[in-house]
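Tertiary structure, described
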Protein chains: 2
Amino acid sequence: MEEKEISQAVVSRLPRYLRYLGELRDEGIERVSSQELSDIMQVTASQIRQDLNTFGGFGQQGYGYNVGYLYDEIGKILGLNREHRLVIVGAGNLGQALVNYTNFERRGFLFRGIFDHDPKVCGKEIHGITVRPMEEMPDFIRENQIDIAVLTIPKTSAVEVAKQLAACGVRGIWNFAHVDLRLPGHIQVENVHLSDSLMKLSYNLSSVEDES
Amino acid sequence: MEEKEISQAVVSRLPRYLRYLGELRDEGIERVSSQELSDIMQVTASQIRQDLNTFGGFGQQGYGYNVGYLYDEIGKILGLNREHRLVIVGAGNLGQALVNYTNFERRGFLFRGIFDHDPKVCGKEIHGITVRPMEEMPDFIRENQIDIAVLTIPKTSAVEVAKQLAACGVRGIWNFAHVDLRLPGHIQVENVHLSDSLMKLSYNLSSVEDES
DNA sequence: TCTGAATTGACAAAAAATTAACATAAGCGT
DNA sequence: ACGCTTATGTTAATTTTTTGTCAATTCAGA
């Protein structure tokens, strides 16, 4: 299917395009040129055209791009036209925060289960979902055809749990634990290393200081 | 001071080096070669050497790198040798989750205040810090010499609050709101767009499907 | 102290990503 | 219908990033 390998750099920019197109659409704007988008988004028009053409010709010469159409197409490319069933593993603060984000649901990311090791939080209800003990996780994932597991547990147990998840047939892991997961190639892992991000900010703070 | 411009690509990799070096150090390992690190971290030895040499010659020919020394040096580069004073703006689930992460404190990121618009949560105590009303934010930031503000509020108010923060003298913003902040160049912004990350995962799930 | 093995730092080459340029196609006004 | 303008898609050039190579330096052992 996929002819050429598509770089993650391009993929990373798609959600941002989607966001701006959504805003334009909500403002009732129907068409947009790469140059106009360029001005708004602060990226070169050339990059926008190049990125979009990686996936196909969505525009029309002399006209530009139809906002609604392009929005939908990018959504499809990102797989937002289908539903994803997720579980949260780790009902701590972060896990709870994610479940409560209603925006994910609107995009088709449906939280179906929450699991935690701690018996004290099991049984508790978060955003309408009952927290279950870890032991029930494997069966739950299989029975509910869970696509994605969100890992919000400490790094000490993350590697072990990730292996379990992979064995249960989860296709993707959204990993907030501060470790690199080494899993079979067909399992997709998307890392969110918050402390890395904060350190990067810290670096950039120091570097502007030095410029003086 | 800064001779050559250092690319963000290199900076992004530093926290990961730091993490692995920390692990080696904790295991009592004193020296490591770029080749050994390469094997562990799954990056080329060449890249490791290149990255490190961007900041100086930390190694020794024929010997390799001293784990503890390199760890400390990378820490300094990332600004972890100094303390940072932060405030959280937005005492929702995510804001609370971040405050409760003790790992940040260990790295010198000290949460000093939490602010929220909602009168119902004001006065509440989170991780030993009292949530204050937004009105008190500007004075608090000035009086406590806050470096970094963590933005965990909805995007509707994020742009406006970010402007305020910039005006109060905050030097960096760790932005979890789903908007791009357009601020004066001396203010560093580090974005954590969670939904972008999830969409990327979604894309990669679809793309492995197509490969078959 | 000398010799061989190991390993960096620097430079060169290759690959990837970004930007620029332009021919081509569509729209728009007359 | 015709020509002018606009703006894409594509190819080429440029820049950046990554990888490969190797001389120079240090360590370790005899």
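Let me begin by describing the structure that accompanies this report.

For the rest of this paragraph, the subject is the pairing of strand S5 (residues 109-116) of chain B. Residues and elements named next belong to chain B. Of all eight residues that make up S5, seven are buried, and the element is covered over most of its length. The pairing of strand S4 (residues 84-89) with S5 spans six bridges and is parallel. Note on S5: the bridge partner recorded for leucine 86 is phenylalanine 111. In this structure, S5 lies alongside strand S7 (residues 129-133), joined through three bridges in parallel fashion.

The subject of this paragraph is the protein's contact with DNA strand C. In the vicinity of DNA strand C there are 25 residues, among which Ser46(A), Gln50(A), Gln61(A), Ser34(B) and Gln61(B) approach most closely. Within 4 Å of the protein, the contacting atoms of DNA strand C are drawn from sugar and phosphate to the extent of 61%. A distance of 2.4 Å is found between a sugar or linking oxygen of DNA strand C and a side-chain nitrogen or oxygen belonging to Gln61(A). Between DNA strand C and Tyr65(B), the relevant distance is 2.9 Å, taken from a phosphate oxygen to a side-chain nitrogen or oxygen of the residue. At the level of secondary structure, the elements contributing two or more residues to the surface near DNA strand C comprise helix H3 (45-53) of chain A together with helix H3 (45-53), strand S2 (59-60) and strand S3 (64-66) of chain B. With four residues, H3(A) is the single largest residue contributor to the surface near DNA strand C. Considering only residue class, the surface near DNA strand C consists of three nonpolar, 17 polar and five charged.

Time to look at unusual backbone geometry. All names here are of chain B. With phi around 60°, glutamine 42 is a residue other than glycine that occupies positive phi space. Mapped onto the elements, glutamine 42 comes out in the loop between helix H2 (34-41) and H3. Since its relative accessible area comes to 53%, glutamine 42 is described here as exposed. Positive phi outside glycine occurs at glutamine 145, with the angle close to 45°. By the secondary structure assignment, glutamine 145 is in the loop between helix H7 (137-143) and strand S8 (148-151).

Residue and element names in this part refer to chain B. With antiparallel pairing, the three strands of this open sheet are ordered in space as S1-S3-S2. Edge strands, defined here as strands with exactly one partner in the open sheet, are strand S1 (31-32) and S2. In this structure, S2 lies alongside S3, joined through two bridges in antiparallel fashion. Note on S3: the bridge partner recorded for glycine 59 is tyrosine 65.

Within this structure, the stated rule accounts for 18 salt bridges over all chains. Close ionic contact of Glu190(A) with Lys200(B) constitutes a salt bridge, the shortest N to O distance being 4.0 Å. Here Glu190(A), found in strand S10 (residues 188-191), pairs with Lys200(B), found in helix H9 (residues 194-211), and the two come from separate chains. Across the pair, exposure class does not vary: Glu190(A) and Lys200(B) are buried alike. Note that Asp147(B) and Arg171(B) form a salt bridge whose closest N and O atoms lie 3.8 Å from each other. Residue Asp147(B) is located in the loop between H7 and S8, and its partner Arg171(B) is located in the loop between helix H8 (155-167) and strand S9 (172-175); the two are separated by 24 residues in the primary sequence. With relative accessibility at 10%, the residue Asp147(B) sits in the buried group. The class for Arg171(B) is partly exposed, based on a relative accessible area of 25%.

Cut-offs used in this document
- Residues numbered from 1 in each chain as written.
- Chains lettered and ligands numbered in written order.
- Predicted model: local features only at pLDDT ≥ 70, side-chain atom pairs only at ≥ 80, totals over all residues.
- Heavy atoms only, no water.
- Buried < 20%, exposed > 50% of the residue type's maximum accessible area, 1.4 Å probe, protein only.
- Helix = DSSP H or I, 4+ residues; strand = E, 2+ residues; numbered from the N terminus.
- Pairing = 2+ DSSP bridges.
- Near = heavy atom within 4 Å.
- Polar contact = N/O pair within 3.5 Å; in protein donor to acceptor, adjacent residues only side chain to side chain.
- Nonpolar A, V, L, I, M, F, W, Y, C, P; charged D, E, K, R; others polar.
- Salt bridge = Lys/Arg side-chain N within 4 Å of Asp/Glu carboxyl O.

Everything listed is a geometric property; what it means functionally is a separate question.
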